[in-house]
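Report on the structure
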Amino acid sequence: MIAALADAVAAELGATVSAAETAGAAPNPALRTAFVDVLGPSPSEVLRDLDGPAVVVPAFLASGYHVYQDVPREVAESGHPSVAVTAAMGPDPALTRIMAVRLRAAGWRRGDAVVFAAAGSSDARARQDVRRAAGMLAEQLGTPVRIAYVATGAPRVPDVVADLRASGSGRVFVASYLLAHGLFHQRLHDAGADGVAEPIGVHPAVVRLIADRYRTAAVELVRAR
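Scope of this entry: the structure provided in the associated data block.

Rules and cut-offs
- Residues numbered from 1 in each chain as written.
- Predicted model: local features only at pLDDT ≥ 70, side-chain atom pairs only at ≥ 80, totals over all residues.
- Heavy atoms only, no water.
- Helix = DSSP H or I, 4+ residues; strand = E, 2+ residues; numbered from the N terminus.
- Salt bridge = Lys/Arg side-chain N within 4 Å of Asp/Glu carboxyl O.
- Buried < 20%, exposed > 50% of the residue type's maximum accessible area, 1.4 Å probe, protein only.
- Axes fitted to C-alpha atoms, helices over the stretch in contact; angles between N-to-C directions.
- Parallel < 35°, antiparallel > 145°, perpendicular 65-115°, else oblique.
- Left-handed = near helix turned anticlockwise from the far one by under 90°.
- Contact = heavy atoms within 4.5 Å.
- Nonpolar A, V, L, I, M, F, W, Y, C, P; charged D, E, K, R; others polar.
- Pairing = 2+ DSSP bridges.

For the peptide bond that leads from G40 to P41, omega is 0°, which places it in the cis range. P91 follows G90 through a cis peptide bond whose omega is 0°. By secondary structure assignment, the location of P91 is in the loop between β2 (83–85) and α5 (93–105).

What follows deals with the pattern of salt bridges. It is possible for side chains of opposite charge to pair when their charged atoms get near one another. Scanning the entire structure with this criterion turns up eleven salt bridges. For R73, the salt bridge is made with E74, and the minimal N-O distance between the two is 3.5 Å. Between D212 and R215 there is a salt bridge, with its nearest N and O atoms 3.1 Å apart. Here D212 and its partner R215 are both found in helix α9 (residues 204–224), three residues apart, which amounts to about one turn of the helix. On the basis of relative accessibility, which here comes to 42%, the residue D212 falls in the partly exposed class. Where salt bridges share partners, they join D70, R73, E74 and E77 into one cluster.

Let us look at the packing of α5 against helix α6 (residues 124–141). α6 packs onto α5 with a crossing angle of 55° between their chain directions and a minimal axis gap of 9 Å. Relative to α6, the element α5 lies oblique. The handedness of the crossing between α5 and α6 comes out as right-handed. Of the residues in α6, those touching α5 at P93, T96, R97, M99, A100, L103 and R104 are M136, L137, Q140 and L141. Of the residues in the contact of α5 with α6, the class split is seven nonpolar, two polar and two charged.

Before going further, it helps to spend a moment on the pairing of strand β5 (residues 172–177). For β5, a buried count of six out of six residues is recorded, marking the element as mostly surrounded by other parts of the structure. Because side chains alternate across β5, one face comprises the buried residues V172, V174 and S176, and the other comprises F173, A175 and Y177, equally buried. Sheet topology note: the strand β3 (residues 113–118)/β5 ladder contains six bridges and is parallel. Paired with V115 across the two strands is V174, which belongs to β5. Pairing of β5 with strand β6 (residues 195–196) involves two bridges; the strand directions are parallel. Bridging from a neighbouring strand, V174 pairs with V196 of β6.

On their own, these measurements won't tell you what the molecule is for.
Here it is, written out as structure tokens:
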């Protein structure tokens with residue numbers, strides 16, 4: 001999914017990463033992907049391969065340890081002299097609108113209960129971002145939403161679904177604050193809800209969001225030189 005998102009952003013910015021890679025040529029340096037967890041290459045490795053100014057856009061839905069610790073550390077370790085780091089993807093009104101569309105497509109109707117399902121984090125700043133994102137969705141839908149977590153933190157999604165049913169809610173739907181399909185999203189389908197919205201995914205609004213983050217940071221980087 002990250003590769004598909006990178007291709008879409010590259011197209012939005014006028015790059016041709018996919019075509020270059022498909023042809024077996026070196027990837028277009030205008031857009032490169034990096035990972036701060038298990039996979040590689042790491043941001044520091046990618047940055048060391050770049051000669052000119054660079055913009056790092058953290059593709060995270062909330063700003064937790066990865067954004068506040070890992071990304072700055074990777075930038076510092078790279079030794080690159082001219083790097084701008086943007087804010088994370090979320091929370092953002094564009095993501096809120098996508099979640100609302102996904103939820104309605106899953107069958108949600110006004111009057112149905114909503115569970116806002118996030119991956120979770122041990123970082124208080126990330127949890128605050130999740131609360132902000134949930135509040136934005138509640139405002140968008142015009143109905144309360146209950147926050148629940150898939151992996152880290154409490155309450156967990158199945159517990160909130162069960163609690164809503166026990167309190168008399170009719171139908172219960174899960175709004176997925178996840179970027180892509182995978183193990184975490186599959187767990188949402190096992191939580192006992194009446195419906196689960198698709199993850200945010202490679203939506204045109206997500207592509208524009210990332211591209212706009214890049215453009216704004218790139219302009220500021222040029223001005224600072």
